[in-house]
Amino acid sequence: MRLVSSIGAVLLTCAFVPLPGLSGVATAQGGQAVGDDWSAVSETFEPENFRAALYLGNGRIGAMIPPSGGGYQDYGVSVRASFPLVEPRYTGTYLAGFYAMKSMSWNNTEAIAALPAWSSLTIDVADRTYRADVDPATLTQYRQRLNYRDATVTTEATWTPDAEHRLDLTYRTFVSRAQQNLAVQQLTVIPHFSGPLTVTDLIDGAAARRVTPTTAASDPNRGQTTVGVRADGTDRTAFLVSTVTTPDELGGAALPANGSTAGTRFDGTVVAGRSYTVTKYVGIASGADGADPRAIATDVSESSAARGFAAAHAEHTAEWDRLWQPAIEIPGRDDYRGWIRPALYSVLSSVRAGQRWSVQPAGLSSDDYGGLTYWDAETWIFPTLLALYPELARTVVDFRVAALPQAEANARAYGLTGALFPWNDGPTQRCASPAVCGLVQEHLGNEIALAQWQYYSATGDEQWLRDSGAPVITAIANYQAARVGPKLPDGRYHYAPAAGADEYVSVSVDNALTNVGVMATMRTAMSAARLAGMPLNPLWADIAAHMAMPPDIVPGVPAEYLGYQGAKIKQADTVLISYPYSYAAPGYSPEATLAYYFDRTDPDGPNMSNSAGAILSAQYDPCRTQQFLDQSVQPYVRPPYGFQSEARGERSGENTVGQPAWIFVTGAGGFLQGLLYGPSGLRWAETGPWLDPMLPSGFPEGITVRDLAVRDSRLTVRIRPEGTTVDVTSGGPVTVETPGGPATVRPETPLSLPTRRACP
């Protein structure tokens, strides 16, 4: 293993040169400014505002960067995370798959662990320290920018700790998309005085949660700091190793280690007007990366320091350039452009190809919802990834594939066959207790099966279906078959007790969403088993044909559950039987169901519901599509960086424990899903994608989806008032199902389709 010493940085005699892609910010208005097309800017220093922190992530590492530019910020007991932790908020660092054993409620066994803060380069001058809680009165010329295009945070400020000392500071920070175990921070200081100055590289254990320290040490000769932690209740370890490059003027000395805090202090004498640059390269790894995570983190840190900031940032930027090739474009709607980019950024920052982990409601931005995996992954986030990034969508389905043995063990604990996935848990997917696990929102199993089938339908990967998808689908079907049986004297199968997506009702009988999902799972299992050469359970066909449904509460509208009387519901539930499922039965009216239930959906509930409304209305009631699209995003976006909150207010429903999740990646995924699947009419069928385009009334210049992924090809779909064109942008011909029948679009021959009008 090669070790790198601190190396001298070039001393610049002028102000820093902006990095590529970091120019063109608009003039500030009212303290906060929207930047160029790819940036958002804050010019108000708000250390007490947790929404003023920025999210950086690469799908393996996620971190919040405070307004100061780095370090650890605690927001106090009055600002708390969502259920189930309900703990004070802070700027955390998280590593995908790194969880502690912790029972937070009666149906989960794990919670995501928070690592020590890595992004701290503090400055000491005249017994004053620049850090996350710096006095706002000492700052001028403050500007912090998040560039979505290259996922880089740039923080600039002039700090005047006293009348004799003034410094211009610039922090540039990113979590590498090219190297999954690397995070980088660079600090440039221009003092307006000559005299002593100290820069401290700190790995701050104050940010750690649900971990126990194992290692804390500094080696000033190497400019290196190492901290190791173990996730509570486990033998899982993670290491952070920081290697720092400094100017020759700054000499290093180790700070005393304390728990999971360690650092190196660099002291020197600076000259007024000169520019001094300090860069830290932090390797972050756990046992999931290999047998020796400390060695892995050390090697990443040292090798990156040897190559330098420009090389690390260039390869990081190149990877983000590739991710931004697919796009949703709405000409003439700058507001939507300003919503789409941060939404897609927050999703992409939370998932990584080739990982064994799924995506959580807050991604890797916080420990909201304990970092557990819910139906959010399959139902609200996965469809967006599937349409634009199938390689990222695969992480969601493969997460369940990897957990299948545990899910089968969960079912056996009930004395049932098949596979039972818990409503919420970490990577192990254990049921905390067989007494309750199977009673909590078992519709999840059907949504897992649906996502597995959708992945196959979109990609056509038959080998994956045989080896991975079909075993999960059929195991879920076998569990549901055992769960709903036997057939009762009325000739129907019934689901009791059940709990649907409407969390205002904890237990019910024959929840419509659950029962429709069971029917769909049985049909999907038959198709998957035939394609994979697996045996068919004869119960599947019988259950699909004879599953009970609650009676209509009004003509054409099934009751949410047996005995439902029209009460307010928390979030989309029964409407989902039309999308993502395709329920059809004599007398059933999707349009009437949409109207009935959205009139009863709590507007203060979680923000996913309106995205389902946009997709359903585009098919059944297009005059309302624009309203649903607007409501799926605008009430939830928060300044200064355009991320989404879980709720429009301070509670995500009447029965909520804790505050709304932030950053709510589920809501971002739902909003994008509404744009992708609503106007295009996109549905995934085994024979090819279904398209039935319409144009929402608020998009008079149209909407374009670039690089829609279908099998091994990419399509561009341009929906315009006069008609829709579909082009092959890469790959071979694609057969598209349309209301007029199947049609093939070829690289040399675009396909023309009619565009339905929003309001006849």
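These figures come from a predicted structure and were not determined experimentally.

1. Topic: the overall build of the protein chain
Inference 1: When helices and strands are counted, the protein chain shows 14 helices and 34 strands.
Inference 2: Rg of the C-alpha trace for the protein chain: 27 Å, near the compact-globule value of 27 Å for 760 residues, within the 12% margin.
Inference 3: Per-residue burial for the protein chain yields a buried fraction of 62% across its 760 residues.
Inference 4: Accessible surface computed for the protein chain: about 25,300 Å², of which carbon and sulfur atoms make up 51%.

2. Brief notes about the sheet that holds strand β3 (residues 54–57)
Inference 1: Here four strands make up an open sheet; going across it, the order is β3-β4-β5-β6 and the pairing antiparallel. The open sheet is flanked by β3 and β6 (110–115), the only strands paired with a single partner. The sheet shows a mean angle of 45° between the axes of neighbouring strands, taken without regard to direction.
Inference 2: In this structure, strand β4 (residues 61–65) lies alongside strand β5 (residues 93–101), joined through three bridges in antiparallel fashion. Note that in β5 the partner of isoleucine 61 across the bridge is leucine 95.

3. So, the pairing of strand β16 (residues 237–245)
Inference 1: When you tally the buried positions in β16, you get nine out of nine residues, the bulk of the element.
Inference 2: Residues Thr237, Phe239, Val241, Thr243 and Thr245 of β16 are buried on one face, and the alternating residues Ala238, Leu240, Ser242 and Val244, pointing to the opposite face, are buried as well.
Inference 3: As paired strands, strand β15 (residues 224–231) and β16 are joined by seven bridges and run antiparallel to one another. Within β16, the residue paired with glycine 228 across the bridge is phenylalanine 239.
Inference 4: Taking the residues that link successive antiparallel strands as the turn, the β15-β16 hairpin has five residues, and the phi of glycine 233 there is positive, at about 75°.
Inference 5: The pairing of β16 with strand β19 (residues 276–286) spans eight bridges and is classified as antiparallel. Its bridge partner lying in β19, threonine 245 is registered against threonine 279.

4. A look at the sheet that holds strand β28 (residues 703–710)
Two orientations exist for strands paired in a sheet by backbone hydrogen bonds: parallel and antiparallel.
Inference 1: Taking strand neighbours across the sheet as the criterion, the five strands line up as β20-β28-β29-β30-β33 in an open arrangement whose pairing is antiparallel. The open sheet has two free edges, formed respectively by β20 (327–329) and β33 (751–753), since each of these has just one partner strand. Direction aside, neighbouring strands of the sheet carry axes that sit 20° apart on average.
Inference 2: Here three bridges tie strand β30 (residues 723–730) to β33, and the two strands are oriented antiparallel to one another. Its bridge partner being in β33, threonine 724 is matched across the sheet by leucine 753.

5. Observations concerning the packing of helix α4 (residues 376–388) against helix α7 (residues 443–459)
When two helices pack together, you describe them by how their axes are tilted relative to each other and by the distance separating the axes.
Inference 1: Here α4 crosses α7 at 5°, and the two axes come no closer than 10 Å. As summarised for this structure, α4 and α7 are arranged roughly parallel, according to the angle between their axes. Listed contacts from α7 to Glu378, Thr379, Phe382 and Leu386 of α4 are Leu444, Glu447, Ile448, Ala451, Gln454, Tyr455 and Ala458.
Inference 2: Taken together, the residues that form the contact of α4 with α7 break down as seven nonpolar, two polar and two charged.

6. Section: the layout of surface pockets
Inference 1: Estimates place the volume of the largest pocket at around 810 Å³.
Inference 2: Along the walls of the largest pocket sit 33 residues, with Leu450, Pro580, Tyr581, Ser582 and Trp684 positioned nearest its centre.
Inference 3: The set of elements that each furnish at least two residues to the lining of the largest pocket consists of α7, α9 (512–532), α12 (609–620) and β25 (683–685).
Inference 4: If one sorts the elements of the lining of the largest pocket by residue count, α9 sits on top with six residues.
Inference 5: Grouping the constituent residues of the lining of the largest pocket by class yields 19 nonpolar, nine polar and five charged.
Inference 6: Roughly 670 Å³ of volume is contained in the second largest pocket.
Inference 7: Lining the second largest pocket are 33 residues, and of these Phe83, Trp423, Gln441, Glu503 and Asn655 sit closest to its centre.
Inference 8: Classifying every residue of the lining of the second largest pocket by side-chain character gives 17 nonpolar, eleven polar and five charged.

Definitions and limits used
Residues numbered from 1 in each chain as written. Predicted model: local features only at pLDDT ≥ 70, side-chain atom pairs only at ≥ 80, totals over all residues. Heavy atoms only, no water. Helix = DSSP H or I, 4+ residues; strand = E, 2+ residues; numbered from the N terminus. Rg over C-alpha atoms; globule rule 2.2 N^0.38 Å. Buried < 20%, exposed > 50% of the residue type's maximum accessible area, 1.4 Å probe, protein only. Areas by Shrake-Rupley, 256 points an atom, 1.4 Å probe, with all protein chains shown as cover. Pairing = 2+ DSSP bridges. Axes fitted to C-alpha atoms, helices over the stretch in contact; angles between N-to-C directions. Parallel < 35°, antiparallel > 145°, perpendicular 65-115°, else oblique. Contact = heavy atoms within 4.5 Å. Nonpolar A, V, L, I, M, F, W, Y, C, P; charged D, E, K, R; others polar. 1 Å grid on protein atoms, 1.4 Å probe; cavity = no way out; pocket = protein on both sides within 12 Å on 5 of 7 lines; lining within 4 Å. Points joined across faces, edges and corners; volume = space filled by probe spheres on them.

By themselves, these are just geometric observations and shouldn't be taken as functional.
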